[in-house]
Amino acid sequence: MPDRPGTHFFLEVHPTIPPRLARLEELATNLWYTWDRPTRSLFGWLHPGLWDAVGHSPKAFLRRIDEKRLVDAAVDPAFLTAFDGVIAAYDSYHGEARSEESKTSLGQNDLVAYFCAEFGFHESLPLYAGGLGILAGDHCKAASDLHLPFVAVGLLYRQGYFSQTIDGEGKQLAVYTDSDFEDLPIAPVRRQDGGELQVALELAGRKVQVKVWEARVGHVTLFLLDTDVPANRAADRHITYRLYGGDRNTRLEQEIVLGVGGVRALAAMGLKPTVWHMNEGHAAFLVLERLRTIMRTGVDLDSALEAVASDTVFTTHTAVEAGHDRFSRETIERYFGDMLREFSLSPEALCALGATPDGDEFDMTALAVRGSGYHNGVSRVHRDVTAQMLRELWPQIPVDEKPVGYVTNGVHTSTFLSSQMKALFDHYVDPAWTRGLTEQQWRDGVERIPDELFWGARRNLKTALLQLVRARIRLQHARNQGSETHLDRLFKFVDPDNPNVLTIGFARRFAQYKRAMLLFDNPDWLREIVSDRDKPVVFIFAGKAHPADVPGQELIRRVHEATRMPALEGKILLVEGYDLHLSRRLVAGVDVWLNNPVYPLEACGTSGMKAAMNGAINLSVLDGWWAEGYEGDNGWAIRPESLVLDEHRRDHEEAHTLYEFLQDQVLPLYYAKGDADYSPGWTRMAKRSIASIMPRFRAVRMVGEYVTKFYLPASQQGRALAEQQFAPAARIAAWKARVRAAWPQVSLRRLDTPKQRIGFGQNIAVEVGAKLDGLAPEDVVVELLMTRLEHDSGEERVIRYPLASTGKLDGAGEHVFRLDVAPELCGKLDYRIRAYPRPEALMHPFEMGLMVWV
């Protein structure tokens, strides 16, 4: 824009929406539009250029569009037909009654409160940084689809995650932009008197006001907390200013606002959750606020902790130690000094809630674990990683039995499934496929899609991707003052008019464990692969590095450097500005989705699921979700090398496997077209991928598992304690204290002489003497674990046999436990004997972390 003299004054003139289109405003303020493409298309129809300019934000769009366009649309038969169709779909969705499944799982008075530091619904509500936020958004959308009684709580950031540009040298530039809350699909929560709802917090001796906003997400509500309130001092107004911004002190204050402020906001609105779900440890301070609430009724700390844990779920997405937030104990004492004074608590008692055996800081993950009765990772592999990482919280329990479950993540199909693939599924698979089909039904249905139509849909999706890629790179190239001739060379293999080149996508956060550079491990071999004129291939890279992650930014620079190598020019592309819009195009348009993290550091990953449902094929390390999704004929799997190898050797060996897959299988299969315009073998594998992944990795399956595994038992347990004014919680806390005091002296010894050989059907008698140090036999379980290696599967089969108390041993002060059993298995059996606290009153049999063995 040219420099013009004089003072600039700005005026925003809002159009009047014609009565015939009045419900456009309703569509613009319900995040249902984020997963309903016809709704978004409706706004784009009115003014495509403006729609792009406002970042696909319906609310901002309606504040800026020329009124004449609205007036014309109100009498345009074609637009009105589309508008009425969208309104009918909207009303149908919001008018549906709760499903029988949700009715039988959670009761009329149940309410799940889901806390997370970020939520990624759509680019028009920039409150997310990456996978955690996208997953949280999908969780809310699926809860809406299932009509669950559900609210979510997060923070309202004036600056969401940064926008990314990449300069001519490959340096990432982070650009932060203030959001105008008037443009966001949110509104202040109102008190009964019409005023805006605010709740007060105490932060290190000062009062901070927190404003509460709400966003509609289909059937559910997201509440957002905001400290940018005039009554607050300047520093406090900035607490929620930037997502993951500021120093450690700001991070602590954000987490207090989320956890403590979130609990108070729900209480101020009269909402009484029966299940509390912390999605990552950022929200763990809700445990302290709930303790405070219960202790005000006269309940002691230990009993209150039992009550809080009884209906609380904690999900961790972290696979590395550095992912846990930790704060000094002095800082915690300063910020929660009012709680210490109110209940005459010692600093040691408070800090013990966040203590870990290997450190002297207050650990948010430890607080979340102690304050929840239900803990889970986000994939089968990640469950084991989490159990190992948290091993010291349950030191005597074997890793495979630690009280950590898992719910593998899923993706919200309506958000990430392309309209082309949805049309094919509707027509050939089943019009009601969204309600759930078996894998066999999916396989049969997908096979009914004609290969030509399937390949045609895939070509169209790739065309849309390449158009966006070219547009992004063209802007980047112009800003960096590149030449047009060089741009032509870059675009040689990304021609939207001829989308026949094998296109492989790698798009995710640039972190070291994601190994963006693995593809370049052997440059000579890579050059050989990409130089086959009969089998051209292009790799598209995209992603951001955290502004504080210097090594991650260096990875971006190195990929940029590779794009400039003469042999790789036009065959390796790096696209700046990775966001949800680009993500949706990438997962829908690439032919292969590449993912090669360091095993086992990929907690789950969901981008490969999104790609698969759109017909792309995964080429991935067997980590996270792919360790469950890979079936041998639905993609390619890089098996992790031994963990005993050093980092460079592992990278080299796994890169070797990657090159072999690319050269020997991926490229030959894609170009095995014969006389057809498509590869029958490729479409067969792509269809198999869809059929195997669609039934198992959808967000509705994920949320349904949370309901059955955690929400329902948590609700029942919490209600049972609350209905008796927490008296059962006091009994459990007292019993646990008694068991913990006695346990160091508890021991077992074998009383009988072990037999070494018996015939099948014969009994063995096992007698154990147990020193219980004042505990009663009914306080413990003594059991025998019998194990046999199954040679067919290579897995161990374990059978548990409880021993019964038969009295006391004269003079020794030991209780006798006995078992008479005829083993159910033949062969060489291994058996062991152990004791642990009896689990009847516990949410998990091993939650106390106590166990002794003979």
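This structure is a prediction, so every number in the text was calculated from the model and none was measured.

**Q** What's the story with the overall build of the protein chain in this structure? I'm lost.
**A** Summing up its helical and strand segments, the protein chain has 31 helices and 28 strands in all. For 854 residues, the compact-globule formula gives about 29 Å, and the C-alpha radius of gyration of the protein chain, at 29 Å, lands near that figure. Taking the principal axes of the C-alpha coordinates as reference, the protein chain spans close to 95 × 70 × 50 Å. Expressed as a percentage of its 854 residues, the buried residues of the protein chain come to 57%. Taking the contacts inside the protein chain whose residues are at least 6 apart along the sequence as the reference set, 73% of them involve residues at least 24 apart. Working note: accessible area of the protein chain is about 35600 Å², and carbon and sulfur atoms make up 50% of it. Considering the protein chain, the positive charge centre built from 98 side chains and the negative charge centre built from 114 side chains are found 1 Å apart.

**Q** I tried to follow the sheet that holds strand 25 (residues 804-809) on my own but got confused; where do I start?
**A** The strands making up a sheet associate through backbone hydrogen bonding, with each pair oriented either parallel or antiparallel. Taken together, the four strands give an open sheet; going across it, the order is 21-22-26-25, and neighbouring strands pair in antiparallel fashion. Of all the strands in the sheet, just strand 21 (747-750) and strand 25 have a single pairing partner and so form its edges. Mean inter-strand twist for the sheet, computed between neighbouring axes without regard to direction, equals 30°. Where strand 25 and strand 26 (residues 814-821) come together, five bridges link them in antiparallel fashion. Within the sheet, the bridge partner assigned to A804 lies in strand 26 and is R818.

**Q** When you look at the sheet that holds strand 16 (residues 537-542) in this model, what are you seeing that I'm missing?
**A** In spatial order, the strands read 17-16-15-18-19-20; together these six strands make up an open sheet with parallel pairing. Edge positions in the sheet fall to strand 17 (572-575) and strand 20 (635-638), since each of these pairs with one other strand and no more. Adjacent strand axes in the sheet meet at a mean angle of 20° when their direction is disregarded. In this structure, strand 19 (residues 617-621) lies alongside strand 20, joined through four bridges in parallel fashion. When the sheet's bridge partners are listed, N618 is paired in strand 20 with G635. Packed on one face of the sheet, helix 25 (residues 580-589) meets strand 15 (502-507), strand 16, strand 17 and strand 18 (592-595) and runs near 155° to strand 16.

**Q** What exactly am I supposed to notice about the side chain of D36 here?
**A** Counting through the fold element by element, D36 comes out in the loop between helix 1 (24-28) and helix 2 (37-46). Of the side chains with opposite charge, R40 lies nearest to the buried D36, which makes no salt bridge, at 7.3 Å. One polar contact links D36 to T39, side chain to side chain, over a distance of 2.5 Å.

**Q** What's the story with the pattern of salt bridges in this structure? I'm lost.
**A** A pair can form between side chains of opposite charge whenever their charged atoms are brought close. Following the criterion strictly, the structure yields 63 salt bridges and no others. The shortest N-O distance in the salt bridge between R251 and D325 comes to 3.3 Å. Of the two residues, R251 is situated in helix 10 (residues 248-268) and D325 in the loop between strand 10 (312-315) and strand 11 (326-327); the sequence distance between them amounts to 74 residues. Salt bridges linked by common partners bring E202, K207, R264, E289, R292 and D338 together as one network.

**Q** What's the story with helix 11 (residues 285-295) in this structure? I'm lost.
**A** One turn of the α-helix equals 3.6 residues, which is why residues spaced by three or four share an orientation. Summarising burial for helix 11: 10 of the 11 residues are buried, a large majority. Among all positions of helix 11, only F285, L286, V287, L288, E289, R290, L291, R292, I294 and M295 are buried.

**Q** What is the right way to read helix 31 (residues 727-742) from this model?
**A** When the terminal C-alpha atoms of helix 31 are compared, their 23 Å separation across 16 residues agrees well with the 22 Å that a helix rising 1.5 Å per residue should span. In this fold, the buried residues of helix 31 make contact with helix 12 (301-310), helix 30 (699-722) and strand 27 (830-837).

**Q** Quick question: what am I supposed to make of the packing of helix 19 (residues 419-429) against helix 21 (residues 451-479) here?
**A** When two helices pack together, their arrangement is given by the angle between the helix axes and by the axis-to-axis distance. Two elements in contact, helix 19 and helix 21, have axes separated by 9 Å at closest approach and are oriented at 160°. When the interaxial angle is binned, helix 19 and helix 21 end up roughly antiparallel. For the pair helix 19 and helix 21, contact is made by Q420, M421, L424 and Y428 and by L453, F454, A457, N460 and L461, respectively. Each residue belonging to the contact of helix 19 with helix 21 can be placed in one class, and the counts come to seven nonpolar, two polar and no charged.

**Q** Before we go on, may I ask you to explain the pairing of strand 23 (residues 780-789) in this structure?
**A** It is a general feature of regular strands that their side chains alternate between the two faces of the sheet. Strand 23 sits mainly inside the fold: eight of its 10 residues count as buried. Relative to strand 27, strand 23 is paired through eight bridges, and the arrangement is antiparallel. Across the sheet, the residue bridging to V780 is P837, located in strand 27. Strand direction decides the pairing type here: strand 23 and strand 24 (residues 796-802), joined by seven bridges, are antiparallel. Bridged to M786 within strand 24 is I799.

**Q** So what exactly am I meant to see when it comes to the state of the cysteines here?
**A** A disulfide bridge is the covalent bond that connects two cysteines by way of their sulfur atoms. Enumeration according to the criterion identifies zero disulfides in this entry. The closest cysteine sulfur to the non-disulfide-bonded C604 is located on C116, 15 Å from its own sulfur.

**Q** Is there a simple way to explain the nonpolar core in this structure?
**A** Generally speaking, nonpolar side chains in soluble globular proteins are found buried as a group. With 147 residues, the main nonpolar core has L24, Y114, F115, F150, F285, L291 and Y711 as its most contacted residues. For this core, the element with the most residues is helix 30, which contributes nine residues. With 101 residues, the next largest nonpolar core counts V378, M517, M613 and L662 among its residues.

**Q** I tried to follow the side chain of K673 on my own but got confused; where do I start?
**A** Its location among the elements puts K673 in the loop between helix 28 (647-670) and helix 29 (680-693). No salt bridge forms around the buried K673; measuring N to O, its nearest opposite-charge neighbour D677 is 7.4 Å away.

**Q** It is not clear to me how the packing of helix 21 against helix 25 should be interpreted in this structure. Could you clarify?
**A** Where helix 21 contacts helix 25, the axes come no closer than 8 Å and their chain directions differ by 140°. Judged by the inter-axis angle, helix 21 sits oblique to helix 25. Relative to helix 25, helix 21 is oriented so that their crossing is left-handed. Taking contact as the criterion, the partners of R458, L461, K462, A464, L465, L468 and R472 in helix 21 are, on helix 25, H581, L582, R585, L586, A588 and G589.

**Q** Looking at this structure, how should I read the environment of F454?
**A** Counting through the fold element by element, F454 comes out in helix 21. Relative accessible area serves as the criterion here: at 1%, F454 is assigned to the buried category. Each C-alpha atom, one on F454 and one on R370, is 50 Å from the other, the two residues being 84 residues apart in sequence. Excluding residues that lie within four positions of it along the chain, F454 makes contacts with M421, L424, I449, G615, T683, A686, K687 and I690.

Thresholds applied
- Residues numbered from 1 in each chain as written.
- Predicted model: local features only at pLDDT ≥ 70, side-chain atom pairs only at ≥ 80, totals over all residues.
- Heavy atoms only, no water.
- Helix = DSSP H or I, 4+ residues; strand = E, 2+ residues; numbered from the N terminus.
- Rg over C-alpha atoms; globule rule 2.2 N^0.38 Å.
- Buried < 20%, exposed > 50% of the residue type's maximum accessible area, 1.4 Å probe, protein only.
- Contact = heavy atoms within 4.5 Å.
- Areas by Shrake-Rupley, 256 points an atom, 1.4 Å probe, with all protein chains shown as cover.
- Lys, Arg positive; Asp, Glu negative; His and termini not counted.
- Charge placed at Lys NZ, Arg CZ, Asp CG, Glu CD.
- Pairing = 2+ DSSP bridges.
- Axes fitted to C-alpha atoms, helices over the stretch in contact; angles between N-to-C directions.
- Salt bridge = Lys/Arg side-chain N within 4 Å of Asp/Glu carboxyl O.
- Polar contact = N/O pair within 3.5 Å; in protein donor to acceptor, adjacent residues only side chain to side chain.
- Expected span 1.5 Å × (residues − 1).
- Parallel < 35°, antiparallel > 145°, perpendicular 65-115°, else oblique.
- Nonpolar A, V, L, I, M, F, W, Y, C, P; charged D, E, K, R; others polar.
- Disulfide = S-S within 2.5 Å.
- Core = buried A, V, L, I, M, F, W, Y, C linked by side-chain atoms within 4.5 Å.
- Left-handed = near helix turned anticlockwise from the far one by under 90°.

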